[in-house]
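Listed below, chain by chain, are the residues.
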Amino acid sequence: MAPVIKRAEKENALHSILVFAKLLEEYLTSASPEKPLPADIYNKIETAVSIRNTLAACRRVDLDKRGTRLWNLSSKLKNTFASSLFFFSTALNDAPKVPLQVPIQFCQDRLRVGADMAPDDLRVLKSSLRTSRYCLDNRQLSLAEIAVERAAFYEERLKCCRDVTSQEHGRLVSRLLNEYLSLRVALAWRQGRLDIAKLMLNKVNLDTNNLELSSAEELADLFFEIGGSQSKNNQWAEAVHWLERAHNILLNQSQDLLSSDAGELRISIMHSMARALLNLESDGSQDKAWNIVRELELDCGDRLVVLLLKLEVFATDASHSAQDYCDILHKIICTVYLTDMNVKTILHHVHKLSSRSPLMAHHVLVTLLSERLLGAEETKWIEKVLITIIWNCTNSTDILDVLTSLSEVFDALAHSAAKALSPHATHAAQILLWKRIEASYNHETYDTAEAWCRLSLHPVFRSSGEVNVGKLQRKLILCALSMSDQAKAREVYSQMSPPNKKDPSTMYVLYKVALRCRDSGLAAECIDTICTASTKDATLLYACVLEAQQTGDHLQIINSLQRVLEKYSYNAPNEIHLPALLRCTARLLIRELENPPSHVTDCIDEICKLFEGAAAQARTSRRSAANDLFSLAELDWFSRNTYNLALKYCTSWSPEQTLRLVQSCLRFIGLYPAAIDLNVTADLSLRRLFCDFLCGSLLIVLARCEDNVEHQLQHYTNVRKVIDDFRVDVKGQVNRLEGGAKGDLQHKYASLLAFDYEAAARLKAWDSLDQIIKESQDFEDPKIYGLFADITLSSEAPGDGKPP
């Protein structure tokens, strides 16, 4: 019972294949070429391929009919529908990348499995081989392997009947067997199993002398492809092995009967083999490569492929001189048809020649440019060669009079080129030239640096743009300054465009010229332009300070430092220590007080402005505990110097200027931390009292001299505020001091009380007068009462002591 069931299952499977073949034929006949195949059809094809058709013999006619139709239909659809199938298959995640005819051919293979006769075997074998090759070409290795396995079955059968067939039929069989061998080798190579391919070739013992021409060319092409892939992987020994096999196959054929493609293939094989031998670096490989070159030279003459191969041999063989290499390059330049690839190849070998002889490389490049490219319309070739010429010249010291050589090249190019170099090429060229400019300038060969600058400004680079031109012109000015030629520096500046003239970097360079020419007006103009630039970066102003220091011009140093502080609103960037900058500027300004009076007035105002700005920044800094730049020592320096200056010049400066300093000093004192030494606290308190005394004295002078009533009253108001601050600390200091110091402080206190009485009277604060009189009784100074009386008589005080 079981065999009957098993037979029925096989019949059902075979019936399913036939039904599926019919449906597939109907689908392909009706479907438009743009319509993709559904995924389930691919799945059914894979299932049908896997079924063993053991009962195919009994349905031979039906199988042959369906298989033939599907094969023919697949062949017709190959060129129109395969691309759509490939697109559809790649769009599916799980669908196989299988063109339509591949599974169909497997179906035909299965449908024809029942054939027994050699003609049918040939037919199925050819179908399998064709499928295998198509799969290999599309990198479908799993399907190719299945197809080759099916072909192996018929290959064995054909081997047995090869000797009993006709001569013509035998040649066909032999060709198919060689094609099968080629496919087996190709599949093993694609699968990364060259050891299997070698084993197979050794087992078959391939007779290359009796191969048909088509089979010989096919095998040679396959071995050449395998050898090329090994070369790409740097497997030079393997590459030589397969390339030699390819060469021997073609060499054993009648050369007259080979196709033209076979001749080109032979040249390619020899070229690849020579390159592989050069890289093999084994004993005798260099000689073998050179023999191949000679053979190619005899067969092909001065073809580009031969000349390039000779260059590679010369590059690896030290016995050949640079002149040999140069001669070959000249020959290539004179004979080769120019293409993008050929120009690129020439420049590649010029780079190699440059490592041996930059001078020869320069001559080769100039020849290429002048004799082949200047008349051509391909601007990109000209630009590439020009950049290479500049690179070769700027990186070599062997070229005599390199500046003249480059100038001649630029002149020739400027006169012959219809349009300027592209901005990209100009930028690349000027980058190379700039490196040489910088190198010469850093080595203090300023005349050479100037020459390179002028070369970079050649008309051939008219697309360089204003920014690059300005940079080069500024370097020319620096070169002139370094050679102490201020006139030439001014001349270069006069030739600059208006935008470049106003550039802050240009102003900095011109500032250096002004310092060396002692032109204070020009220096001030440069500083003003730099300061008013939109950028907040004061780097150029700092550079101006350094330049002024080097020349010893104190006025310019001060001017530069003041501009820096103004630029930052008396602050400084993070990398600059602000207190140090302020102290440095203050010292320079104080030193200027010793100059003639004509310069002193402006200097005093700047000193006051600087200390006011320093006090404001110190207050801001003290609020930030994480970034407090003003330490106790810094505060002490600023408070002491403001007080000493005010005390020293209080009789010679205007009251307003002295008052500004004293007020700055009080601001610094107010920023001292609370937790300090008691002795420091006592000294600081005494300094604050002296400052209050100075403030009160100066304010009373200003009030007496003021014609504007409103301003006068404001001064008197400020006098009373300062004296109130004085009262807070004075009692503690009077009790602490002794002798003359105590008497001096009491005298100042009495004087301030007189000022307070005057201010109260002018402000009509009548209720305050009695308190001031009572406070003055502690001094027992009869003069103070006289002052009170004079003030009272000159005021509008009411007679009864009460407000009117």
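Further up the page is the structure itself.
Since this is a predicted model, take the numbers as computed values, not measurements. Numbering of residues begins from 1 in every chain and follows the order in which that chain's sequence is written. Confidence filtering applies because this is a predicted model: local features only for residues at pLDDT of at least 70, side-chain atom pairs given and counted only at 80 or more, and all residues used for totals across whole chains, interfaces and linings. Heavy atoms throughout the structure, all of them, feed into the side-chain values; hydrogens and water do not.

Draft legend 1. Region of interest: the overall build of the protein chain. Here a strand is any run of E in DSSP of at least two residues, a helix any run of H or I of at least four, and the numbering for each starts at the N terminus. Counting its secondary structure elements, the protein chain contains 36 helices and zero strands. By the burial criterion, 48% of the 804 residues in the protein chain qualify as buried. Contacts are assigned to residue pairs with any non-hydrogen atoms lying within 4.5 Å of each other. Taking contacts inside the protein chain between residues at least 6 apart in sequence as the whole, the part at least 24 apart equals 68%. Each accessible area is a Shrake-Rupley result for a 1.4 Å probe, and residues are judged covered by the shown protein chains and nothing else. With the model as given, the accessible surface of the protein chain reaches about 40,400 Å², and the carbon-plus-sulfur share is 52%. In this scheme, a residue with accessible area under 20% of its type's maximum is buried, one over 50% is exposed, and one in between is partly exposed, where area comes from a 1.4 Å probe on protein chains only.

Draft legend 2. Molecular detail of the environment of Asp503. Checked against the element boundaries, Asp503 lands in the loop between α23 (498–501) and α24 (504–517). For the pair Asp503 and Thr529, spaced 26 residues apart in the sequence, the C-alpha separation amounts to 8.5 Å.

Draft legend 3. Spotlight on the packing of helix α27 (residues 554–567) against helix α28 (residues 578–591). An axis is simply a line fitted to the C-alpha atoms; with a helix, the fit covers only the stretch in contact. Between two such axes, the angle follows the N-to-C directions and lies from 0 to 180 degrees. Their axes nearest at 10 Å, the elements α27 and α28 cross at an angle of 140 degrees. Considering only the axes of α27 and α28, their crossing is left-handed. Residues His554, Ile557, Ile558, Leu561, Gln562, Val564 and Leu565 of α27 touch α28, and the partners they reach there are Leu578, Leu581, Leu582, Cys584, Thr585, Leu588, Leu589 and Arg591. The residue classification treats Ala, Val, Leu, Ile, Met, Phe, Trp, Tyr, Cys and Pro as nonpolar and Asp, Glu, Lys and Arg as charged. All others, Gly included, are polar. Residues belonging to the contact of α27 with α28 are distributed by class as follows: 11 nonpolar, three polar and one charged. It is the rotation of the near helix from the far one that decides the hand of a crossing: anticlockwise by less than a right angle makes it left-handed, clockwise makes it right-handed.

Draft legend 4. The packing of aromatic side chains, seen in detail. Aromatic pairs are defined between Phe, Tyr and Trp rings, using the six-membered ring for Trp, whenever the two ring centres lie within 6.5 Å; interplanar angles under 30 degrees are classed as stacked, those over 60 as edge-to-face, and all others as tilted. A full pass over the atoms with the stated rule returns 11 aromatic pairs. Look at Trp637 and Phe638: their rings are 4.9 Å apart centre to centre, the planes differ by 80 degrees, and that puts the pair in the edge-to-face class. Residue class for Phe638 comes out buried when judged on its relative accessible area of 0%. Arranged with centres 4.8 Å apart and planes meeting at 5 degrees, the rings of Tyr649 and Trp653 form a pair that is stacked. When sorted by exposure, Tyr649 lands in the same class as Trp653, which is buried. Geometrically, a charge over a ring is one whose NZ (Lys) or CZ (Arg) sits within 6 Å of the ring centre while staying within 35 degrees of the ring normal. Between the NZ or CZ atom of Lys471 and the centre of the ring of Trp434, over which it lies, the distance is 4.4 Å. Sitting above the plane of the Phe693 ring, Lys748 keeps its charged end 5.3 Å from the centroid.

Draft legend 5. Here's a closer look at the packing of helix α30 (residues 632–649) against helix α31 (residues 655–669). Look at α30 against α31: their axes get within 8 Å of each other, and the N-to-C directions meet at 155 degrees. Considering their axes alone, α30 and α31 lie roughly antiparallel with respect to each other. The way α30 lies across α31 gives a crossing that is left-handed. Along the contact surface, α30 presents Leu635, Phe638, Ser639, Thr642, Tyr643, Leu645, Ala646 and Tyr649, while α31 presents Thr658, Leu661, Val662, Ser664, Cys665, Phe668 and Ile669. Here the contact of α30 with α31 is built from residues that sort into 11 nonpolar, four polar and no charged. Here the word oblique covers every angle except those under 35 degrees (roughly parallel), over 145 (roughly antiparallel) and from 65 to 115 (roughly perpendicular).

Draft legend 6. Spotlight on unusual backbone geometry. The phi dihedral of Ser484 is positive, around 60 degrees, even though this residue is not glycine. Of note, Ser484 is situated in the loop between α21 (466–482) and α22 (486–494). Even without being glycine, Arg518 reaches a positive phi, approximately 60 degrees. As for its placement among the helices and strands, Arg518 is situated in the loop between α24 and α25 (520–531). Exposure remark for Arg518: the relative accessible area of 57% places this residue in the exposed category.

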